Amino acid sequence: MAAGARPGIFGPVLALVARLRAVGGKGFADAMVTLAVAILAAGAATWLGTTLPGRFVENLTYDYREAYGAPPSQRDFVIVKMDDAASQAMAEASPCHCLAPIDKAWLGDLIASLDAKGAKAIAVDYLLDTWSSPEEFADFERRIAGIKAPLIAVVDPGRTPGVDFPVSKKVLYSDARALMHVDVDDVIRRYDPRPGKYLAFATRVAQAVSNRPLPTEPFDIRYRRPDPNVQAENTGAIAPSYSAAFVSFLPEPLLKGKIAFIGSVTRSATQDSDAPKEDMHITPLRYRAGHTQGTPGVEVHVHALSQMLAGDRVLRPGPIWNGLMALVAALAGALLGRSTQRWWMSIGIVLLGAATLLFSAFAIYDRTALMVPMTTPLLSFAFGFFVLSRLAAAELQNQRAFYSSTLERYLAPQVIDRMVDGREEVKIGAEEREITVMISDLENFSTLVATLPLDTFSEVINEYFDGVIDILWKHEAMIDKMTGDGIIAIFGAPVASTDHADRAIACAREIDLYALEIRERMIGRGIKFGYTRMGLSSGIGLVGNFGGERRFNYTAYGEVVVIAARLEAANKTFGTRILFSGDTLKLAKNDVPIEAVGEIDLKGVPVPIPAYTTRIEAAG
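Remember, predicted model here, so these are calculated numbers, not experimental data. (Residues numbered from 1 in each chain as written. Predicted model: local features only at pLDDT ≥ 70, side-chain atom pairs only at ≥ 80, totals over all residues. Heavy atoms only, no water.)

Novice: A description of the nonpolar core should follow, citing residues and the corresponding values.
Specialist: Grouped together as the largest cluster of nonpolar side chains are 36 residues, with contacts concentrated most on Leu107, Leu110, Ile111, Leu114, Ile122 and Ile262. Contributions of two or more residues to this core are made by strand S1 (77–81), helix H3 (84–93), helix H4 (104–116), strand S2 (121–127), helix H5 (134–143), strand S3 (151–155), strand S4 (171–175) and strand S8 (259–263). Looking at this core element by element, the count peaks at five residues for H4. Contacts of isoleucine 262, omitting those with residues within four sequence positions, involve Val80, Met82, Leu107, Leu110, Ile111, Leu114, Ile122, Ala123, Val124, Asp125, Tyr126 and Val298. (Core = buried A, V, L, I, M, F, W, Y, C linked by side-chain atoms within 4.5 Å. Buried < 20%, exposed > 50% of the residue type's maximum accessible area, 1.4 Å probe, protein only. Helix = DSSP H or I, 4+ residues; strand = E, 2+ residues; numbered from the N terminus. Contact = heavy atoms within 4.5 Å.)

Novice: Provide a residue-level description of the packing of aromatic side chains, including the pertinent values.
Specialist: Counted by the stated rule, this structure contains 13 aromatic pairs. Arranged with centres 6.5 Å apart and planes meeting at 50 degrees, the rings of tyrosine 64 and phenylalanine 362 form a pair that is tilted. Taken together, the positions of tyrosine 64 in helix H2 (residues 52–68) and phenylalanine 362 in helix H9 (residues 343–368) put the pair 298 residues apart, joining distant regions of the chain. When its relative accessible area of 26% is taken as the criterion, phenylalanine 362 is described as partly exposed. (Phe/Tyr/Trp six-rings, centres within 6.5 Å; stacked < 30°, edge-to-face > 60°.)

Novice: Could you give an account of the side chain of aspartate 485, with specific residues and numbers?
Specialist: Topologically, aspartate 485 is positioned in the loop between strand S12 (478–482) and strand S13 (487–491). Summary of buried charges: aspartate 485 has no salt-bridge partner, and the nearest side chain of opposite charge, arginine 533, is 8.1 Å away. Setting aside its immediate chain neighbours within four residues, aspartate 485 contacts Asp441, Leu442, Phe445 and Phe465. (Lys, Arg positive; Asp, Glu negative; His and termini not counted. Salt bridge = Lys/Arg side-chain N within 4 Å of Asp/Glu carboxyl O.)

Novice: I'd like to hear about the confidence of the model for the protein chain, residue by residue, with values.
Specialist: Chain-level statistics for the protein chain give a pLDDT mean of 85 and a share of 87% at 70 or above. Per-element averaging of pLDDT across the protein chain places helix H11 (residues 413–420) at the bottom with 58 and strand S16 (residues 578–581) at the top with 96. Between residues 1–7, whose pLDDT stays under 50, and residues either more than four places distant or in other chains, the model counts 10 contacts. (pLDDT = per-residue confidence, 0-100.)

Novice: Could you give an account of the sheet that holds S8, with specific residues and numbers?
Specialist: The sheet built from six strands is open, its strands ordered S4-S3-S2-S8-S1-S7 with parallel pairing. Each end of this open sheet is capped by a strand with a single partner; those strands are S4 and strand S7 (241–243). Averaged over all adjacent pairs, the angle separating strand axes in this sheet is 25 degrees, with direction ignored. Each of S1, S2 and S8 is contacted by helix H7 (residues 297–310), which is oriented at about 155 degrees to S8, the strand it contacts most. (Pairing = 2+ DSSP bridges. Axes fitted to C-alpha atoms, helices over the stretch in contact; angles between N-to-C directions.)

Novice: Could you give me a rundown of unusual backbone geometry, with the residues and numbers involved?
Specialist: Omega for the bond connecting alanine 493 with proline 494 falls within 30 degrees of zero, at -5 degrees, which places this linkage in the cis form. Secondary-structure assignment places proline 494 in the loop between S13 and helix H14 (500–524). Positive phi, normally seen in glycine, also occurs at aspartate 186, with a value near 65 degrees. When you line up the elements, aspartate 186 lands in the loop between S4 and strand S5 (190–191). Positioned with a positive phi, alanine 232 is a non-glycine residue whose angle comes to about 55 degrees. Here alanine 232 is to be found in the loop between strand S6 (219–220) and S7. By relative accessible area, which is 47% here, alanine 232 ends up partly exposed.

This is the structure in structure tokens:
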């Protein structure tokens, strides 16, 4: 960890990362940390998924997929509703004119009418294990004696047939408890095909009309889409629905070859209806119209039967696949987390990841009936992303502290920011590189020091250097060192660039203009402020950290530095303020006013150097 960086909560982790990098390199350390974070994130998300809030959210996503990814309904069913009209007709026909229990004679005639109109099977979602007298049972038997279609009814499995109630040879008995399998939120998502000694209602009907192998263990109900042809108070029904009061008047084609379910249906035409809701259950279809106040129990049985006859089922991955999905999601989040630290981008990525997961899960269920978990992978993704993004941010803070502590004296802040963000490749070690060196000097500096009071001198020289440094940083120069009255600046290091010569010339021209303006201001105050002279040279230099173990400096060595220094001094001879070498001119692409000075013999340089200048006059 860099000196001066605050370790924070990720301090120990960053220390571990540093040790791993020392052992196996950066790639190895990053891979190990990413994998470890992903495993921990997947484990935490899996545990949270088992808690009540996690299960609640998972159930919501499950139900939404069930409701809107449902397959189309089959055309094999009709619902015979025991609604208000049917109850009224039954009451008027019964000797007691009562609504409960259901009048068996009236029910027998209803069953016979359905059979006469060609029903394939008749399923009665009412208990046929309670009789007021032997005569009532005998009368019911007489009324259904001629039916040909299988007749299935529900009974209380706690009652013993032949002992607690008489058994009809025409009736296939089934268990009434299949809908008792509800989740923690009381939503019916599963069906038990054999709750006890009897088959469940839908299972018994399936056995009577089909030779398809039937399920033996509880299964997830794959709810069907509502029949598109039903509307008004029947909106949402899985099949055409008719009041039992009007069955005798229905045309035969509406019932012929259909499996008719008789049951209580109290679905209302309007949401604010005062009609009592009986035998209504909360199901995943609650997101659809017609089910917001519940799904009639008889329709739930029809949904289960439709699934059995179609032979499809809701598929669920096992624990191993669930764990792998959570791990993959955590890895994806962790890898993305390493790539960004901006808060708005982090939020956007998490939201995009959630949307992608939602869309993918819906599409998978719609096409394959595979119900992949959503809460655990989403939490895994979010945890992995959060931890790695915060870890990357902490690492970035350390890098920023390192770069700032070592380079802020030399480089422009915007360059440091790009280096830290990874937008600029930088090498701090010594290497040969093409650069442009600019060396400046303030004329009559010794006179300025000798003639000005200390306070005034400090004010003047600080104002001068503040302006010069701002211009250097604007053009992204690296300040090598300050030499009393001068500055040595490097363009093209430590961040490599292809336009270092252009930036150096532009920077020199702007400094020249600034120096002329400040000179005029100082002369106006009676201060003998000299000209600023600059020498520029381009070529291959050796740049990097030099100095030793106790103290080092990032600087440049080579003939390019010597030529820049000699050109700066030659300004006095030629009456110029800026001199730059022919090599700098060759690399420059921008069109600026250039004047040739000629070939100059420079001390310490074996061959004459072509020199050029560019002039700027102060405004006014």
